[in-house]
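Okay, here's what each chain looks like letter by letter:
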Amino acid sequence: MSLSIALTKGRLEKKTVAMLDQVGYGTQNLKDKGRALVFEDTIKPVRYFLVKSNDVITYVNHGVADIGVVGKDTLLERESGNYELLDLKIGKCKFCVASLPEKKVFNKVGHVKIGTKYPNVARKYFLDQGIDVEVIKIDGSVELAPILGLADGIVDIVETGTTLKENGLVILDEVCDISARVIVNKASFKLKREEVLQFVQDLESVVKSDADTNQ
Ligand code: PRP
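In this text the structure is predicted, and so the values were computed from the model without any measurement. (Residues numbered from 1 in each chain as written. Predicted model: local features only at pLDDT ≥ 70, side-chain atom pairs only at ≥ 80, totals over all residues. Heavy atoms only, no water.)

(A) Looking closely at the sheet that holds strand β4 (residues 67–71). As summarised here, the arrangement of the six strands in space is β2-β3-β1-β4-β11-β5, forming an open sheet in which the pairing is mixed. Two strands lie at the open edges of the sheet, namely β2 (38–40) and β5 (83–87), each paired on one side alone. Sheet twist, expressed as the average angle between the axes of neighbouring strands with direction ignored, equals 25 degrees. Sheet topology note: the β5/strand β11 (residues 180–184) ladder contains four bridges and is antiparallel. Following the sheet pairing, L86 is matched in β11 by V182. (Pairing = 2+ DSSP bridges. Helix = DSSP H or I, 4+ residues; strand = E, 2+ residues; numbered from the N terminus. Axes fitted to C-alpha atoms, helices over the stretch in contact; angles between N-to-C directions.)

Put into structure tokens, the structure is as follows:
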């Protein structure tokens with residue numbers, strides 16, 4: 001039985017393909033992709049498609065993809081109802097609260113506004129801190145929000161810290177670590193158990209060997 005796998009395009013794409021390469025998957029079509037969106041593995045009975053992170057969850061939710069590779073950030077924002085079977089330890093970054101150094105977020109008296117692409121993550125974090133905030137959903141370039149006065153602070157992903165630095169923002173708190181995860185549709189896990197487990201084991205062996213090399 002063949003597997004359908006939804007991969008997140010963009011930042012995670014190259015690293016995911018490199019992992020598949022290491023365990024003998026035929027990723028040539030994914031590398032010479034042009035504008036195509038569906039790719040047959042040239043060695044194994046696997047079909048890949050490249051979509052945005054949120055759509056990875058949607059395709060796996062509906063069982064159109066048996067498996068998905070997606071960032072924990074997207075999974076935390078939107079509970080998926082699928083099995084999360086493996087941490088690929090790639091695409092490592094953090095959710096952080098940040099702002100301009102002079103702005104008050106944690107000790108502000110009165111109404112606190114937070115700009116973010118991740119309203120559920122932001123709401124939960126501030127609720128846990130016992131701070132009542134107004135969350136303003138922004139679709140990108142979140143760092144602009146405190147600069148232009150739309151928000152007192154932001155909750156966003158920090159990878160290298162360059163975007164914050166170049167815009168004069170500082171980290172006020174770290175919310176949690178993020179990395180890419182393998183998720184599996186619950187029905188696929190029953191119906192294609194062997195194939196799914198083989199795929200997860202293959203990638204797990206790369207995660208382990210990379211960890212050994214880095215020791
Ligand atoms: C993400 C995130 C930050 C930046 C962090 O944005 O929202 O802006 O990357 O990376 P850094 O710490 O390495 O600088 P992305 O590039 O995905 O673009 P977007 O702002 O349009 O969402």
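(B) Geometry of the sheet that holds strand β6 (residues 93–99). Here five strands make up an open sheet; going across it, the order is β8-β7-β9-β6-β10 and the pairing mixed. This sheet does not close on itself; its edge strands, each paired only once, are β8 (133–137) and β10 (170–178). Looking at each pair of strands side by side, their axes are set apart by 25 degrees on average, direction ignored. Bridging between β6 and strand β9 (residues 153–158) involves five bridges; their strand directions are antiparallel. Across the sheet, residue K94 finds its bridge partner in β9, namely V158.

(C) Quick look at the domain arrangement of the chain. Domains assigned within the chain are domain 1 (3–91 + 179–214) and domain 2 (93–177). Using C-alpha coordinates to define each centre, domain 1 is positioned 30 Å away from domain 2. Residue-level contacts link eight residues of domain 1 with ten residues of domain 2. Both faces considered, domain 1 and domain 2 share a buried interface measuring about 710 Å² in area, 46% of it formed by carbon and sulfur atoms. Contact with domain 2 buries area across many residues of domain 1, yet D73, L76 and E77 alone supply 65% of it, more than any other trio. For the pair domain 1 and domain 2, the interface holds one salt bridge. The partner of E159 in a salt bridge is R11, and the shortest N-O contact between them spans 2.4 Å. Linking domain 1 with domain 2 are five residue pairs in polar contact (both at pLDDT 80 or more), by the criterion used here. No other element matches helix α4 (residues 72–77), which puts four residues into the side of domain 1 that touches domain 2. Taken together, the residues that form the side of domain 1 that touches domain 2 break down as one nonpolar, three polar and four charged. (Domains from an automatic or database assignment. Contact = heavy atoms within 4.5 Å. Buried area = accessible area lost by both parts, 1.4 Å probe. Salt bridge = Lys/Arg side-chain N within 4 Å of Asp/Glu carboxyl O. Polar contact = N/O pair within 3.5 Å; in protein donor to acceptor, adjacent residues only side chain to side chain. Nonpolar A, V, L, I, M, F, W, Y, C, P; charged D, E, K, R; others polar.)

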